[in-house]
Amino acid sequence: MASSAVPTDWQFLQCFGERSPNEDIQEADIISAVEFDFDGMHLATGDRGGRVVLFERVNPPSRTVGMDQHAPPPLPRGASFEYRYMTEFQSHEPEFDYLKSLEIEEKINKVRWCRSSNSTRILLSTNDKTIKLWKVYEKKVSFLSNFNLEPRNGPVVMLPNGPRPNILANNPNAMRLNNSLRLPKVTNTEVLLAARCKRVYANAHTYHINSLSVNSDQETFLSADDLRINLWNMEVMEQSFNIVDIKPANLDELTEVITCAEFHPNHCNMLAYSSSRGCIRLADMRHSALCDRHAKAFEEPEPQGNKTFFSEIIASISDISFSRDGRYILSRDYMTLKLWDLNKENAPVATYHVHEYLRPRLCDLYENDALFDKFDCCMSGRGDCVATGSYNNLFRVSGAWNGVDLTLEASRDPMRKRFQASSKSRFAIRKNGPGKRAGAEPAEAGTDYASKLLHLAWHPEVNVIAAAASNSLYMYCA
């Protein structure tokens with residue numbers, strides 16, 4: 001993992017779906033998933049209305065300088081990482097399970113990109129029950145004219161391999177017959193983006209799906225719910241293989257649930273999954289088909305004297321993410337970010353205190369359900385920075401090793417509420433051992449628990465962050 005300087009000067013890049021101060025937010029427009037593809041050329045978001053929106057990177061304009069011209073001024077820092085709207089499609093619709101009398105929401109829980117050998121974009125999306133494989137491709141649309149019977153309204157649009165329009169079935173008063181016989185001709189051809197559902201992976205999960213992860217072999221992927229992790233082949237919709245099952249014979253004996261699962265970025269046989277007890281388990285599928293026995297377990301037990309009613313709730317891990325080289329795992333629970341080395345199981349190599357100032361208010365957070373908010377975490381491509389969201393539409397960027405921490409706001413002026421914390425402040429970092437927990441700070445006045453930044457993603461190659469604040473997608477570069 002690189003040990004370089006943490007970028008401290010973050011610049012607003014662009015915003016999609018920015019709302020005015022008094023504008024009402026529709027529930028269906030709230031973003032619920034954000035994901036860059038493998039090289040950062042595309043970005044996908046999912047929302048609670050079941051829609052998936054795609055963005056593509058805009059190539060910076062080429063600027064040639066003639067012999068008698070002066071060199072043009074340099075491009076703005078973020079100009080080469082600008083994105084534009086590409087297309088969107090309805091991925092999931094609301095459904096109803098009549099056997100269980102259960103309403104299934106259309107909300108997109110996860111979006112994951114798959115590698116493609118051509119210009120076609122392939123991605124997976126899931127709601128609580130059903131996973132779909134989508135193909136987004138360019139489609140030619142031809143406009144025909146010069147018919148012998150022509151509609152008065154204009155030319156006829158013909159789709160590739162589509163049925164011919166039945167002109168004679170239309171109102172004869174709207175047609176006019178030409179005297180001479182003519183052959184139709186194509187007057188114009190446009191290239192449009194179309195989305196088609198290639199496969200549907202359904203009926204494999206009893207509980208709500210919380211994770212999707214594409215394997216490094218690009219042939220399989222996993223899906224996880226509260227009690228099971230299933231392995232799928234991309235080509236097979238009818239069956240999946242159960243590789244992790246923590247459901248006890250008696251549900252009264254259930255002590256933990258699966259909260260997140262992720263494949264190793266380089267080794268197709270390894271996966272990690274986290275639990276509500278704050279434990280991360282690393283499984284190796286070469287050992288057995290059913291990974292009941294984990295290869296490694298990463299857990300930091302809390303001292304008995306510090307346990308309270310809220311200990312198990314705040315210990316639940318909401319998200320995990322591998323570093324790009326697969327050496328480290330970043331985990332997020334309600335209070336902290338933790339960085340784990342795969343070679344060290346008993347304690348994280350670094351701990352970043354995110355919500356320590358809220359510890360005195362855990363009772364209030366429990367009553368208004370804010371204590372159950374699930375925040376994402378992400379890591380830079382070089383592995384030298386980590387980031388996660390918080391309340392008041394704030395997100396935090398920390399150096400993996402050097403103790404530099406920033407608080408940025410999801411707005412056009414991200415540095416407005418910026419502050420740098422020392423090693424003893426809210427973002428205190430513990431290295432190479434448990435150490436002492438940083439002292440709790442007084443709760444910030446005016447914390448807006450409704451304005452929470454749950455989802456964000458880091459560009460795999462450069463310092464560009466996409467952060468979802470309600471129905472708006474903000475992008476920043478450094």
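Computed from a predicted structure; not experimentally measured.

Caption draft 1: Just the sheet that holds strand β15 (residues 211-214), in detail. In spatial order, the strands read β15-β16-β17-β18; together these 4 strands make up an open sheet with antiparallel pairing. Where the open sheet ends on each side, the last strands, each with one partner, are β15 and β18 (241-245). Neighbour to neighbour, the strand axes of the sheet diverge by 20 degrees on average, direction disregarded. Bridge analysis of strand β17 (residues 228-233) against β18 gives 4 bridges, and the strand direction is antiparallel. Across the sheet, leucine 231 pairs through a bridge with phenylalanine 241, a residue of β18.

Caption draft 2: Structural context of the nonpolar core. Judged by nonpolar contacts, the single largest core of 20 residues is most densely connected at Trp10, Phe395, Val397, Leu456, Trp458 and Ile465. Secondary-structure elements contributing two or more residues to this core are β1 (11-16), β28 (385-389), β29 (394-399), β30 (405-409), β32 (455-458), β33 (464-469) and β34 (472-477). Per-element tally for this core: the top contributor is β33, with 3 residues. Setting aside anything within four residues of it in sequence, one finds tryptophan 458 in contact with Trp10, Phe36, Cys378, Met379, Ser380, Cys385, Val386, Ala387, Val397, Asn463, Val464 and Ile465. Counting 17 residues, the second largest nonpolar core, distinct from the first, contains Val53, Phe81, Tyr83 and Cys477.

Caption draft 3: Molecular detail of the sheet that holds β32. Strand order in the open sheet formed by 4 strands is β1-β34-β33-β32, with antiparallel pairing between adjacent strands. Both edges of this open sheet fall to β1 and β32, since each of them pairs with a single strand only. The mean angle between the axes of side-by-side strands here comes to 20 degrees, regardless of whether they run parallel or antiparallel. In the sheet, β32 pairs with β33 via 4 bridges, with the strands oriented antiparallel. Bridged to tryptophan 458 within β33 is isoleucine 465.

Caption draft 4: Just a nonpolar patch on the surface, in detail. A cluster of nonpolar side chains, Phe309, Tyr366 and Phe372, forms an exposed patch at the surface whose accessible area comes to about 320 Å². The residue phenylalanine 309 is located in the loop between β22 (296-298) and α1 (311-315) in this model. Classification of phenylalanine 309 as exposed rests on a relative accessible area of 58%.

Caption draft 5: Spatial organisation of the pattern of salt bridges. The final tally for this structure, using the stated rule, is 15 salt bridges. Here glutamate 27 ties to arginine 48 by a salt bridge, and the two come within 2.4 Å at their closest N and O atoms. Linking glutamate 27 in the loop between β1 and β2 (31-36) with arginine 48 in the loop between β3 (42-47) and β4 (51-57), this pair joins segments that are 21 residues apart in sequence. In this structure, the salt-bridge partner of aspartate 29 is arginine 51, at a minimum N-O distance of 2.6 Å. Residue aspartate 29 is located in the loop between β1 and β2, and its partner arginine 51 is located in strand β4; the two are separated by 22 residues in the primary sequence. Relative accessible area serves as the criterion here: at 30%, aspartate 29 is assigned to the partly exposed category.

Conventions and cut-offs
Residues numbered from 1 in each chain as written. Predicted model: local features only at pLDDT ≥ 70, side-chain atom pairs only at ≥ 80, totals over all residues. Heavy atoms only, no water. Pairing = 2+ DSSP bridges. Helix = DSSP H or I, 4+ residues; strand = E, 2+ residues; numbered from the N terminus. Axes fitted to C-alpha atoms, helices over the stretch in contact; angles between N-to-C directions. Core = buried A, V, L, I, M, F, W, Y, C linked by side-chain atoms within 4.5 Å. Buried < 20%, exposed > 50% of the residue type's maximum accessible area, 1.4 Å probe, protein only. Contact = heavy atoms within 4.5 Å. Patch = residues over 30% accessible without salt bridge, like charges linked within 9 Å, V, L, I, M, F, W, Y side chains within 5 Å. Areas by Shrake-Rupley, 256 points an atom, 1.4 Å probe, with all protein chains shown as cover. Salt bridge = Lys/Arg side-chain N within 4 Å of Asp/Glu carboxyl O.

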